Amino acid sequence: MIQSPASTPGLSVAPFENITVVLRINSGSFAAGFEVTLQILDNGQIIQEDDRFLELPAEPTIPKLYAQWQSLSQEQSMDFQRAIDRGIKPVAVQVTNVEDWSQLTDQLAHQCRQWFKSASFVNLSARIRANRKVHMDGSIPIIIRSQTGILEQDQILSQLPWHLWWDLFSNLPNAEFAMFSGFREKSPALQFPIRILAIFGSPSGNLNFTQEVRALELLKQRGASLKQLVEPTIDALSDRLFEQPWDILFFAGHSSCHGESGTIQLNEQTNLRLDELRQGLRYAVNQGLRLAIFNSCDGVKLANFLANEVNIPSSIVMRQPVPDQIAGKFLLDFLQEFSKGTPLYRSVRLARGRLEGLQRNFPGASWLPTIFVNPNQPELIWPSATEDVALIESGAASTAFGQAQKEPQPPKRGGQKKAIALPILIGLGLVGLVTALLMGRAFRRPPEKPLTVEVDSFISQGENSLEDTRIALAPSYLGMKQRGIDAFRAGDYATAFLLFDELRNQAKQEKNAADPSIAKPALAALQDYESLIYRNNALILRQKQQNPDLPTYNVAVAAPLNFDAGTGLAYGVAQAQDVFVNQQGLNLLVTLANDGNQEVRTQAIAQDLASTDDILAVVGHYTSPNSCVALQSYSPQRLVMMSPTSTAIALQSDPTCGDINNVFFRTVSSTRFEAQTLVNYLIDDLAIAQPNLAVFYNYNELFSRNLAEQFQEVVRAFEGSVTTYDLSDPEFKPNRLPTVAESADALVILPDGGTNDTAAFDQAINILKLNQGEKPVLGSNTFYLQTVLNQVEADALVDRLFMADDWHPQQCGAEQFSQQTREYWGGDLNRRTALAYDAVQAIAQAITLAAEENGTPTKTVTRQQVRQKLAETGIRPETAARSATSADMIISFDENGDRKEITTRQIVTVAESNNQLRFELVDQGDCPSP
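Read on for an overview of the structure.

Analysis parameters
Residues numbered from 1 in each chain as written. Predicted model: local features only at pLDDT ≥ 70, side-chain atom pairs only at ≥ 80, totals over all residues. Heavy atoms only, no water. Helix = DSSP H or I, 4+ residues; strand = E, 2+ residues; numbered from the N terminus. Buried < 20%, exposed > 50% of the residue type's maximum accessible area, 1.4 Å probe, protein only. Contact = heavy atoms within 4.5 Å. Areas by Shrake-Rupley, 256 points an atom, 1.4 Å probe, with all protein chains shown as cover. Pairing = 2+ DSSP bridges. Axes fitted to C-alpha atoms, helices over the stretch in contact; angles between N-to-C directions. Core = buried A, V, L, I, M, F, W, Y, C linked by side-chain atoms within 4.5 Å. Phe/Tyr/Trp six-rings, centres within 6.5 Å; stacked < 30°, edge-to-face > 60°. Lys NZ or Arg CZ within 6 Å of the ring centre and 35° of its normal. Salt bridge = Lys/Arg side-chain N within 4 Å of Asp/Glu carboxyl O. Left-handed = near helix turned anticlockwise from the far one by under 90°. Parallel < 35°, antiparallel > 145°, perpendicular 65-115°, else oblique. Nonpolar A, V, L, I, M, F, W, Y, C, P; charged D, E, K, R; others polar.

A few words on the overall build of the protein. Along its length, the protein carries 30 helices and 29 strands. Evaluated residue by residue, the protein yields a buried proportion of 58% over its 930 residues. Excluding contacts between residues fewer than 6 apart, the proportion of contacts in the protein whose partners are at least 24 apart in sequence is 74%. Summing over all exposed atoms, the protein offers an accessible surface of approximately 36800 Å²; the carbon and sulfur share of this is 48%.

As structure tokens, this is what we get:
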């Protein structure tokens, strides 16, 4: 990402693949410690997420030190500026205070460094750096998103010198810390020429704009179109915002945190609150404004307003009052880097670092410049105005393209037909090349091979540990696991089995240790589904070595294993495999695949699994859109996909998914039953007839949109009414419930899972908070998360939030499976684990029946037979598997592949016990005697 490809006039540079790290500080205090979650996004799509809270230790001395440092910094910055105005060296003025200021800065820096050196921060740094893509990206924002609910704490967290987190930033030299500005829609890449509106405010106080002028002149030399306004009136500035599209807005002068939006001084007579330009700024953003630079004092409130009220993708401000000498130097250094093609975040890091030379006289100068960014936004790159026709004239483009076509395929795994690379955008490259030739020119493309997804690191039976998963083992367990993987890869399955078995046995023995330093790592090892699956795979393959005629059957599980939702599927599959292999004698191999909830990776994995002949079925994928992508590959190859989580009815009627009735089955019920169950509960139990509902949903996501449609159909059948609100609409950011919603009988909040973009999910949480428990809320099962319990007050949830679920550990008939699950994983799990277990049961039953039908000696089973046996369960229920997760229930499917037995769901609400919130069933009465 360091070099920017050049472009022709009027053509935009294609945005780089962007890796973004978001650290969300959710709750806590400096006195007690904080809880934080980690997200890593690739080009706006989440590829890793730690849903479980990570703990940051208490550090009660930081707030007091920060308050002292901030007070002295503000006082001394004014003295520093006055000294510069008088043309004398600032060190000659109030030397004692400068020394005190320096000492206080050193104390605060030392305290922050000690905090950042704690084991929790080291662990968090390791999690970030363990993601391979973080190291592949040349410029990475580490975005701090503070939302503890305590304004003073959030302000301090946003002002800390995060770049002193040396364990992280020294190992990621191209990373830069940034502040969260909100998830927004992506804006296009910058186009040549860059259009800049530069505003110079009042120079009162002897402000000197020499360096700012030099910086802008440099941009003109590099092809920018520049419009300068010097001490403009409000009307003149407003007119210019509407005059033409702008790419960059720049302001130099005085600003302050006064007012809700912050204030800038336009001229001697006029102080302007930014909210007085709200419409003009919004219009500029809608027309393409990508970046705002406020080279002025105390700009945090300005940045927050620009982010939350105007939706600007990126802004750069100073976090504290700053003399113009420092502001000017930063701007000049930044624009010199940025305008020559250095990506935005790296440009800021380099320019901020160059302020260290001023810190003897202005301690903490390098702490002040800060970026506020939208995590979804592709990083801004300055486009070049030059054109390079030599690439075409020399024939280099043809040569490069020819070499790319001959790129070798990744190595096969295990001697099977594996590891298909997925070329992306080759056709688009040809179209662009032909277009350029017709225009008589070509724009230079980066000298890199076509984008491919190599899936070897995301698929395994035991020969490697999957990339980008939630698994984190202590060194002793990790070493044992790695030795097992090495033995598995070498074909020494006997040794591999012993090592994986020893790991799990040791974890069982130590998980109840009195010493937390022993118990916690043991519990993490016990919850390593990879080790359990690899153990059983090694056992089967060792037996296969001893008896080559032994019948074995391969089933895959494909899920986003970087999310809790995906690991829930893996738990269910691993548990079911262990039961079938060790208790029922079925040699069921499991192939693990981590699709990361990314459609490109899902497509590559699906092609790989579909082309591997011995895979008889796939359990997965998590979301309906990814399931649709995978089915495009599974359907032509007649490979069954059994989904425990894809509920959208629209999936079955979408022609882009392929002829899915050949291969698609699901153990979960559809969105139709989810909507019916919730509306029935509203009418029958909450006694709200002909309900008037306010429905909040994400129009841009298949599941959420489909569930909202089902709600409207069901409510219409009861002669009720529905008003809808799109949670994904950037303009929808209420600070109170909409007027129509206030008069509704109940709220219906249907966020998606928040796996690609949390903006809609965050808005859903906001609606829960705004409701304050006044109206009953019917929620999608995506609310079934610990994060919801942590973020929303109990009064807004307890007996006010209701969800419809297919399985719950408290339901009748689930006791035995719930106990088994606790023994396997050390705690209760949810419906995803149970329904994944059901999926394996159904597939295993189909394999068993097909093998018995084929007879000895080989008992070979085909994909077509598995599909046929599953389809037959709808008309021959005696052939269906009997569910172990719900006593007395079978697992059969109708002609569409939908689960026949689940025609209604159970109502789950939030209950409070011993000051703890948890999801519990609404009273279902006494269970029948067994």
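Here the focus is the sheet that holds strand 22 (residues 721-726). Spatially, seven strands are ordered 22-21-23-24-25-28-29 in an open sheet, and the strand pairing comes out mixed. With partners counted over all chains shown, the strands left at the sheet margins are strand 22 and strand 29 (916-921), one partner each. Averaged over all neighbouring strand pairs, the angle between strand axes comes to 25°, with direction disregarded. Inspection of the sheet shows strand 25 (residues 801-805) paired to strand 28 (residues 906-913) by four bridges, in the antiparallel sense.

Here the focus is the nonpolar core. Counting 118 residues, the largest nonpolar core has Leu-23, Trp-162 and Phe-334 as its most contacted members. In terms of residue count, helix 11 (residues 324-338) provides more of this core than any other element does, eight residues in total. In this structure, Phe-334 is in contact with Ile-293, Ile-316, Leu-344, Ser-347, Val-348 and Ala-351, ignoring residues within four places of it in sequence. Within the second largest apolar cluster, 64 residues are counted, among which are Phe-665, Ala-814, Ala-846 and Ile-847.

Here the focus is the packing of aromatic side chains. As enumerated under the stated definition, the model contains 33 aromatic pairs in all. On the numbers, 4.9 Å between centres and 70° between planes, the contact of Trp-115 with Phe-121 is edge-to-face. On the basis of an interplanar angle of 80° and a centroid distance of 5.8 Å, the ring pair of Tyr-529 and Tyr-571 is categorised as edge-to-face. You can see Tyr-529 sitting in helix 19 (residues 529-546) and its partner Tyr-571 sitting in helix 20 (residues 564-583), a full 42 residues away along the chain. Its end group placed over the ring of Phe-497, Arg-542 keeps NZ or CZ at 5.2 Å from the ring centre. Sitting over the face of the ring of Tyr-699, Arg-705 holds its NZ or CZ atom 5.5 Å from the ring centroid.

Before going further, it helps to spend a moment on unusual backbone geometry. Of note, the bond from Phe-192 into Pro-193 is cis; its omega dihedral lies within 30 degrees of zero at 0°. Note that Pro-193 resides in the loop between strand 5 (175-180) and strand 6 (195-200). Unusually for a residue other than glycine, Ala-687 sits at a positive phi of about 60°. Here Ala-687 is to be found in the loop between helix 23 (671-684) and strand 21 (692-697). Residue Asn-915 is not a glycine yet carries a positive backbone phi of 65°.

For a regular strand, side chains alternate in direction, first toward one face of the sheet and then toward the other. The element strand 13 (residues 314-318) is extensively covered by neighbouring structure, given that five of its five residues are classed as buried. Covered by surrounding structure in strand 13 are Ser-314, Ile-316 and Met-318 together with Ser-315 and Val-317, the residues of both alternating faces. Pairing of strand 12 (residues 291-295) with strand 13, which is carried by four bridges, proceeds in the parallel orientation. Following the sheet pairing, Leu-291 is matched in strand 13 by Ser-314. One ladder, built from five bridges, connects strand 13 with strand 14 (residues 369-373); its direction is antiparallel. Looking across to strand 14, one finds that Ser-314 is bridged to Val-373.

Note: strands within a sheet are paired through backbone hydrogen bonds, in either parallel or antiparallel orientation. Taken together, the six strands give an open sheet; going across it, the order is 15-17-16-18-19-20, and neighbouring strands pair in mixed fashion. Each having just a single partner strand, strand 15 (459-460) and strand 20 (664-666) make up the two edges of the open sheet. In terms of strand pairing, strand 19 (residues 640-643) meets strand 20 through three bridges, oriented parallel. The residue of strand 20 that forms the bridge with Met-641 is Phe-664.

What follows deals with the pattern of salt bridges. Enumeration according to the criterion identifies 35 salt bridges in this entry. Asp-468 is paired through a salt bridge with Arg-601; the nearest N and O atoms lie 3.3 Å apart. Pair noted here: Asp-468 is in the loop between strand 15 and helix 16 (475-489) and Arg-601 is in helix 21 (residues 599-610), with a separation of 133 residues, a long-range link. Of the two residues, Asp-468 and Arg-601, neither departs from the other in class, the shared state being buried. When the shortest N-O distance is used, the salt bridge between Asp-486 and Arg-489 registers 3.3 Å. In this pair, Asp-486 and Arg-489 both sit in helix 16, three residues apart, roughly one turn of the helix. Look at the salt bridges and you will find they share partners, linking Glu-853, Lys-869, Glu-872, Arg-876 and Glu-878 into a network.

With that out of the way, let us pick up the packing of helix 16 against helix 19. Between helix 16 and helix 19, the shortest axis-to-axis distance is 11 Å and the interhelical angle comes to 35°. As for the relative orientation of helix 16 and helix 19, their crossing is left-handed in sense. Here Lys-481, Ile-485 and Phe-488 of helix 16 lie close against helix 19, whose contacting residues are Glu-530, Ser-531, Tyr-534, Asn-537, Ala-538 and Leu-541.

Running from amino to carboxyl end, helix 20 crosses helix 29 (residues 831-854) at an angle of 40°, the nearest separation of the two axes being 7 Å. Regarding the angle of helix 20 to helix 29, the classification is oblique. Regarding helix 20 and helix 29, the two cross each other, and that crossing is right-handed. Taken together, the residues of helix 29 that come into contact with helix 20 (itself represented by Ala-565, Gly-568, Leu-569, Tyr-571, Gly-572, Val-573, Gln-575, Ala-576, Val-579 and Phe-580) are Arg-832, Thr-833, Ala-836, Tyr-837, Val-840, Gln-841 and Ala-844. Its residues placed into classes, the contact of helix 20 with helix 29 shows 11 nonpolar, five polar and one charged.

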